[in-house]
Amino acid sequence: MFLVYSHYGISSYLEPILKWNRSLWGDKVIFIGDVRNRDLVESCGWRFFDMDEVSISSKRSQFLYHYQDISGKDHADFKNGRNWLQYVFERWFLIEEIMEATGETDFFHFDSDVLITSKAGLYSVAKKLQYTGKVTSQCNDGCMNGYINQQVLTEFTSSIISQFKDHELLNKYLEEFEVNTGYAFTEMRAFDNFQREKSVSHHALTLDGWILDDCLAQSQNFVTEVLFNGREIKKVYFRDGITSFQKITGELVPVAALNFSWLETSYIRYAQHLISQNIHKNGLRRFRDVFYLPKYVKRRLL
């Protein structure tokens, strides 16, 4: 089974994430990127596809023909030198094309700041959902991510095209964004529309057994801790190389993937250290982080 990531540009967390996940998962790793991150990705042992050089299929051609930015005047459509709003849609067409060529019917896809903590845990998730016609959702149950079924992906990309051809729907969004000027029609809304027609997902944070984290920086009914920088995150329990969250009811739940959005890269490296050394620890908070805080904050703490 393949592990697939997609990302454009360079981010500080990419190298530790890619090296770790390649070591843990093995050689069936695919990265869809651009010229800016190609050297880094290939040096970490991932099979690289340049999103700007992948041949355009007839289906993606249809998408590009009908696509338009649907957003309010204050929404940042372009980020890091690329049309981000188009990218979040188009990447699914790229993933569909590339994965069809592998001949495999299912795979895992995560955001590029997700650290895999258990290969066995991910395979457990796949085993439960295989042949059910279901995928996992993340982003507070708002986006397709994690375990992906190729058939569902094909249906979703077809739905995206249909939604961009639906002028009544697009005009409704444009009217909304006249008021909510910082909002946009994203792939998350498209997935929500798709799900209204056919329920195809299971929130990865509520699976039985192993779960997949949405975002450490959101509590989502789990026990939390406050880092020295003031950010509240889910408390991660490290035991014998296994990571877990604790429900507010007290139950420990094993987690196969951690999302480090909005957290410094140092926490990724620290989690890797704790896992690789089989260190028992409750939480990612550590006293040494005090020394990276502004002086006026340190004076209050020390």
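Residues numbered from 1 in each chain as written. Predicted model: local features only at pLDDT ≥ 70, side-chain atom pairs only at ≥ 80, totals over all residues. Heavy atoms only, no water.

### A short note on the overall build of the protein chain
Reasoning step 1: When its secondary structure is counted, the protein chain shows 10 helices and 18 strands.
Reasoning step 2: For 302 residues, the compact-globule formula gives about 19 Å, and the C-alpha radius of gyration of the protein chain, at 20 Å, lands near that figure.
Reasoning step 3: For the protein chain, buried positions account for 55% of its 302 residues.
Reasoning step 4: Once local pairs closer than 6 in sequence are excluded, the contacts in the protein chain between residues at least 24 apart make up 66%.
Reasoning step 5: Split by element, the accessible area of the protein chain, about 14,200 Å² in all, is 48% carbon and sulfur.
Reasoning step 6: The positive charge centre, built from 35 side chains, and the negative charge centre, built from 38, are 9 Å apart in the protein chain. (Helix = DSSP H or I, 4+ residues; strand = E, 2+ residues; numbered from the N terminus. Rg over C-alpha atoms; globule rule 2.2 N^0.38 Å. Buried < 20%, exposed > 50% of the residue type's maximum accessible area, 1.4 Å probe, protein only. Contact = heavy atoms within 4.5 Å. Areas by Shrake-Rupley, 256 points an atom, 1.4 Å probe, with all protein chains shown as cover. Lys, Arg positive; Asp, Glu negative; His and termini not counted. Charge placed at Lys NZ, Arg CZ, Asp CG, Glu CD.)

### As for the state of the cysteines
Covalent bonding between the sulfur atoms of two cysteines defines a disulfide.
Reasoning step 1: Overall, the coordinates contain 1 disulfide when judged by the stated rule.
Reasoning step 2: Paired by a disulfide, Cys139 and Cys143 hold their sulfur atoms 1.9 Å apart. Sign of the S-S torsion, about 65° for the bond between Cys139 and Cys143, identifies this disulfide as right-handed.
Reasoning step 3: In this structure Cys215 is a free cysteine whose sulfur lies 9.4 Å from that of Cys139, the closest cysteine sulfur available.
Reasoning step 4: Among the residues examined, Cys215 registers a relative accessible area of 6% and is labelled buried. (Disulfide = S-S within 2.5 Å.)

### As for the pairing of strand β8 (residues 135–138)
Reasoning step 1: Going residue by residue along β8, you find Val135 and Ser137 tucked away on one face and Thr136 and Gln138 tucked away on the opposite face as well.
Reasoning step 2: Note that β8 and strand β11 (residues 201–203) share 3 bridges and pair parallel. Pairing of Val135 across the sheet is with Ser201, part of β11.
Reasoning step 3: Where β8 meets strand β9 (residues 143–144), 2 bridges bridge the pair, whose relative direction is antiparallel. In the strand pairing of β9, Ser137 is matched with Met144.
Reasoning step 4: Linking β8 back to β9 in an antiparallel pair, the connection comprises 4 residues, with Cys139 at a positive phi of about 55°. (Pairing = 2+ DSSP bridges.)

### Comments concerning helix α7 (residues 167–179)
Reasoning step 1: If you check α7, its first and last C-alpha atoms are 19 Å apart, about what 13 residues at 1.5 Å a residue would give, namely 18 Å.
Reasoning step 2: Three or more residues of α7 are buried, namely Leu169, Leu170, Tyr173 and Phe177. With its buried residues spanning 95° around the axis, α7 presents them on a single face. Counted as exposed and oriented over 90 degrees from the buried face of α7: His167, Glu168, Glu175, Glu178 and Val179.
Reasoning step 3: For α7, the elements touching its buried residues are α6 (150–165) and α8 (187–197).
Reasoning step 4: Two or three places before Glu168, at the opening of α7, Asp166 has a side-chain oxygen 3.2 Å from that residue's backbone nitrogen. (Expected span 1.5 Å × (residues − 1). Arc of directions from axis to C-beta. Polar contact = N/O pair within 3.5 Å; in protein donor to acceptor, adjacent residues only side chain to side chain.)

### Examining the sheet that holds strand β6 (residues 106–110)
Pairing between sheet strands relies on hydrogen bonds along the backbone, with the strands arranged either parallel or antiparallel.
Reasoning step 1: One open sheet accounts for 5 strands, arranged β3-β2-β1-β6-β10; its pairing is mixed. Only two strands of the sheet have a single neighbouring strand rather than two, namely β3 (47–50) and β10 (146–149). Direction aside, the axes of adjacent strands within the sheet are offset by 30° on average.
Reasoning step 2: Sheet analysis places strand β1 (residues 2–6) next to β6, joined by 4 bridges and oriented parallel. Considered in β6, the bridge of Tyr5 is made with Phe110.
Reasoning step 3: Docked against the sheet, α6 engages β6 and β10, running at close to 80° with respect to β10. (Axes fitted to C-alpha atoms, helices over the stretch in contact; angles between N-to-C directions.)

### Digging into unusual backbone geometry
Reasoning step 1: Residue Asn80 is not a glycine yet carries a positive backbone phi of 55°.
Reasoning step 2: Tracing the backbone through its elements, the reader meets Asn80 in the loop between β4 (78–79) and β5 (82–83).
Reasoning step 3: Unusually for a residue other than glycine, Trp262 sits at a positive phi of about 70°.
Reasoning step 4: Mapped onto the elements, Trp262 comes out in the loop between β17 (252–259) and α9 (265–276).

### Quick notes on the packing of aromatic side chains
Reasoning step 1: Taken as a whole, this structure holds 23 aromatic pairs when the rule is applied.
Reasoning step 2: Judged by centre distance (5.3 Å) and plane angle (70°), the rings of Tyr5 and Trp46 are edge-to-face. Taken as a pair, Tyr5 in strand β1 and Trp46 in the loop between α2 (38–43) and β3 lie far apart in primary sequence, 41 residues in all. Taken as a pair, Tyr5 and Trp46 share a single burial class, namely buried.
Reasoning step 3: Both rings, one in Phe108 and one in Tyr147, keep their centres 5.8 Å apart while their planes meet at 65°; by these two values the pair is edge-to-face. Residue Phe108 is found in strand β6, and its partner Tyr147 is found in strand β10; the two are separated by 39 residues along the sequence.
Reasoning step 4: The class of Tyr147 is buried, set by a relative accessible area of 0%.
Reasoning step 5: Ring pairs connect the aromatic residues Tyr5, Trp25, Phe31, Trp46, Phe108, Phe110, Tyr123 and Tyr147, which therefore count as one cluster.
Reasoning step 6: Against the face of Phe2 rests Lys28, its NZ or CZ located 4.8 Å from the ring centre. (Phe/Tyr/Trp six-rings, centres within 6.5 Å; stacked < 30°, edge-to-face > 60°. Lys NZ or Arg CZ within 6 Å of the ring centre and 35° of its normal.)

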